[in-house]
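Coordinates in review
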Amino acid sequence: MLKDKLKKALAPLDLAQVADGDYAKTGYHLEVAARPEQMPAVAQAMLSQGCFLESLTAVDLRESFTLVYHFANFHELCRTVVHASLAKGAEAPTISQIYPGADWYEREVYDLFGIRFAGHPNLKRILLPEDADFHPLLKDFAAEAAND
Amino acid sequence: MIELGIEEKTYTLNLGPQHPSTHGVLRVLLEMEGEYITKAEPVIGYGHRGHEHMAENRNYHQFLPNMARVDYLHALAYNQGYCMAVEKLLGITVPERAEYLRVILSEFNRISSHLVWIGAYLLDLGAFTPILYCFDDRENLLDLLDRITGSRLTYCFYRFGGVPLDLDDEFIAGARAFIKRLRTRFKDYNNLVTKNVIFINRTKGVGLISQEQCLKYGLTGPMVRGSGIPYDIRKSEPYSAYPAFDFEIPIGDKGDIMDRYLVRLREMEQSLRIIEQALDKLPNGPIMAEKVPKRVKPAEGEVYQAVETARGEFGCYIVSQGDVKPYRIKLRVPSFGNLSILPELAVDTLVADLVAILGSVDVVIPEIDR
């Protein structure tokens, strides 16, 4: 089973959490917690098991960010979510050299949250205008202020 | 450079943002060497409306109409994805009849989306006639969907817990008539398009995507199925009433544009099969779950729900912190991932081929921009 293989592949990485998810409730088969600097190794392990990067996003928890990576597989149903807590102002390493598809996702996270990805080849805004001076999905962002 | 007697070898060509072949406002910056592309950079975001930001400023019900504005061609699948995510968060079970209705309407919507794609794509390639056929068929569909949902394009029909209105006899009769009609039209499409020698020469062996590229770029939908990977959420991660129906997932073998075209064409036939079975087996019963809270206030937690749209996987990721407003909603849209492979596919092709490749991705720009 893919889930067991994934657990085995992730075991040597010394992650904070690798646990079964409650699929009926959350849609996850495997829930993983990692530190941002572990993400390239996690991504490499996921790729070696034939999983693709479904989505990459962030959540602003006011005191810190959480980076959320979703992985899925074309041949066997096993959705893996990886949560990585990131301190405000800190950088996360890019995984775009492992998954080229992450390039745009990381640009989107940078654009909307201002989170920088170290080692990204082309980290610039993607959805908002190049000269925008705000990151709209930050919780302290107010839309009215940006209109002035 | 010319003064120095040195010929300038490369130049920049700006495709879009207002170019008919970019299907909306997409801009592709091309670096050219003679007739060939050496580098292509899609510039997106012209249609960014901030749907994810809007989600944080309104309650769960108020965000529902936004879903149809994300992907206007397959709005009902987005309705379904969002409703299912919220239902999961609330622990609501949708009655069987409502699931059947959702399947019937979403599949009709999928067909109308593919019809637009075939028509508009052939227009990109310089064939004017097919769009007239496609839009003729689609018009029938829109009338049918309009009858039950009340709108022609930006549908907002599903509700948390089910659907608000039941089908009537006239809709069912119209649906059966349409199934019959479209089946006879496939012959025309094959004669007009599939067997057309110009079309074959433009699409065979062009825009090849390998299975490894599918994996690394996280492609979904007809893009991966054209390359021979049978990944369709309706089968891979069965949801709604889909397990009750007998249908196939069409796949290609080479991964060129022709394969992607054939996948979409054959998918319409499969959608007709699903609808037919759903109409035959339509169970009786309620169309709305009991005890759906008027005030949606889910407990703390997060949820991810994927559905198969005409373009691939739509994933709705909701984080709730126990408030009446979502704390965060991320819309994982298929075209965003699917388009990100364009720079790799475009290298060493002609501009005319790039137009063919771009069209074969089936991008809906507002969906990418959100």
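**With respect to the environment of B:Thr154**
Residue and element names in this part refer to chain B. Tracing the chain through its elements places Thr 154 in the loop between α6 (129-149) and α7 (169-194). Measuring from C-alpha to C-alpha, the distance between Thr 154 and Glu 96 comes to 25 Å, with 58 residues separating the pair along the chain. In this view, Thr 154 contacts Ala 68, Arg 69, Tyr 72 and Ala 75; residues no more than four positions away in its chain are not counted.

**Quick notes on the pairing of strand β2 (residues 30-34) of chain A**
Residues and elements named next belong to chain A. A one-sided burial pattern is seen for β2, the buried positions being Leu 30, Val 32 and Ala 34 and the unburied ones Glu 31 and Ala 33. Of the strand pairs in this sheet, β2 and strand β5 (residues 80-87) are connected by five bridges, and their pairing is parallel. Of the residues in β5, the one forming a bridge with Leu 30 is Thr 80.

**Examining the packing of α6(B) against α7(B)**
Residue and element names in this part refer to chain B. The geometry of α6 relative to α7 is characterised by a closest axis approach of 11 Å and an angle of 170 degrees between their N-to-C directions. Of the possible angle classes, the one that applies to α6 and α7 is roughly antiparallel. Crossing angle aside, the handedness with which α6 passes α7 is left-handed. From α6, Thr 129, Pro 130, Tyr 133, Asp 137, Asn 140, Leu 141, Leu 144, Arg 147 and Ile 148 reach across to α7, where they touch Phe 171, Gly 174, Ala 175, Phe 178, Arg 181, Leu 182, Arg 185, Asp 188, Leu 192 and Val 193. Considered class by class, the residues forming the contact of α6 with α7 number 11 nonpolar, three polar and five charged.

**Points about the interface of chain A and chain B**
Listed as interface residues are 26 residues of chain A and, on the opposing side, 31 residues of chain B. Those elements giving two or more residues to the side of chain A that touches chain B turn out to be α2 (23-26), β3 (51-60) and α4 (102-113) of chain A. The element that contributes the greatest number of residues to the side of chain A that touches chain B is β3(A), accounting for six residues. For the side of chain A that touches chain B, the class distribution of residues is 15 nonpolar, seven polar and four charged.

**Examining the sheet that holds strand β5 (residues 312-320) of chain B**
Residue and element names in this part refer to chain B. Here we have three strands laid out as an open sheet, ordered β4-β5-β6, and antiparallel in their pairing. This sheet does not close on itself; its edge strands, each paired only once, are β4 (301-309) and β6 (328-332). Neighbour to neighbour, the strand axes of the sheet diverge by 10 degrees on average, direction disregarded. Summarising the sheet, β5 and β6 pair through five bridges and their orientation is antiparallel. When the bridges of β6 are listed, Cys 316 appears paired with Leu 331. Each of β4 and β5 is contacted by helix α4 (residues 75-90), which is oriented at about 155 degrees to β4, the strand it contacts most.

What counts and what doesn't
- Residues numbered from 1 in each chain as written.
- Chains lettered and ligands numbered in written order.
- Predicted model: local features only at pLDDT ≥ 70, side-chain atom pairs only at ≥ 80, totals over all residues.
- Helix = DSSP H or I, 4+ residues; strand = E, 2+ residues; numbered from the N terminus.
- Contact = placed C-beta atoms within 7 Å.
- Buried ≥ 20, exposed ≤ 12 C-beta atoms within 10 Å, placed from the backbone.
- Pairing = 2+ DSSP bridges.
- Axes fitted to C-alpha atoms, helices over the stretch in contact; angles between N-to-C directions.
- Parallel < 35°, antiparallel > 145°, perpendicular 65-115°, else oblique.
- Left-handed = near helix turned anticlockwise from the far one by under 90°.
- Nonpolar A, V, L, I, M, F, W, Y, C, P; charged D, E, K, R; others polar.

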